[in-house]
Amino acid sequence: MDNFANASFEPDVIAVMQDALEGAVSTLPHPVSSSHIKSIAETILRSASEGERDPKALQTMALLELQISPRK
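First, a word on scope: everything that follows refers to the structure included in this document. (Residues numbered from 1 in each chain as written. Predicted model: local features only at pLDDT ≥ 70, side-chain atom pairs only at ≥ 80, totals over all residues. Heavy atoms only, no water.)

## Overview of the pattern of salt bridges
For clarity, the cut-off: The salt bridge criterion pairs a side-chain nitrogen of Lys or Arg with a carboxyl oxygen of Asp or Glu, the two atoms within 4 Å. Labels follow the DSSP assignment, with helices taken as runs of H or I lasting at least four residues and strands as runs of E lasting at least two, numbered in each case from the N terminus.
Summed over the entire model, instances satisfying the criterion amount to one salt bridge. In this structure, Arg 46 engages Glu 65 in a salt bridge whose closest nitrogen and oxygen atoms are separated by 2.6 Å. Of this pair, Arg 46 sits in helix 2 (residues 34-49) while Glu 65 sits in helix 3 (residues 55-68), placing them 19 residues apart in sequence.

## Overview of the side chain of Ser 47
To keep it simple, the criterion reads: Every residue pair with non-hydrogen atoms within 4.5 Å of one another is taken to be in contact.
With respect to the helices, strands and loops of the structure, Ser 47 is situated in helix 2. If near-sequence neighbours (up to four positions away) are discounted, Ser 47 is found in contact with Glu 52, Leu 58 and Met 61.

## Re the nonpolar core
A general tendency of soluble globular proteins is for nonpolar side chains to be buried together. Rule in force here: Throughout, nonpolar core names a set of buried Ala, Val, Leu, Ile, Met, Phe, Trp, Tyr and Cys residues whose side chains join them through atoms within 4.5 Å. Only protein chains enter the area calculation, which uses a 1.4 Å probe; residues under 20% of their type maximum are buried, those over 50% are exposed, and those in between are partly exposed.
Ranked by size, the top nonpolar core spans 14 residues in total, and within it Phe 9, Val 13, Met 17, Ile 40, Ile 44, Ala 48 and Leu 58 carry the most contacts. Counting residues per element, the ones that place at least two in this core are helix 1 (11-26), helix 2 and helix 3. The element that contributes the greatest number of residues to this core is helix 1, accounting for five residues. When residues no more than four places from it in sequence are discounted, the contact partners of Ile 44 are Met 17, Ala 20, Leu 21, Leu 58 and Ala 62.

Written as structure tokens, this is what we have:
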């Protein structure tokens, strides 16, 4: 998440990102790994910084990227 050290978001955008993160994580089987949460959060941060504001779109993009990313 080093790429976002200087990122700044309005409170309403933070709320949208939080909704997207919670929605995405709630769809994953338990136990949810911290690496999955980090990947989802990074995708949401990147997408929000590019202008996406729809929580469902942020959630979907994060889950799709998690699906196609190489396993560590």
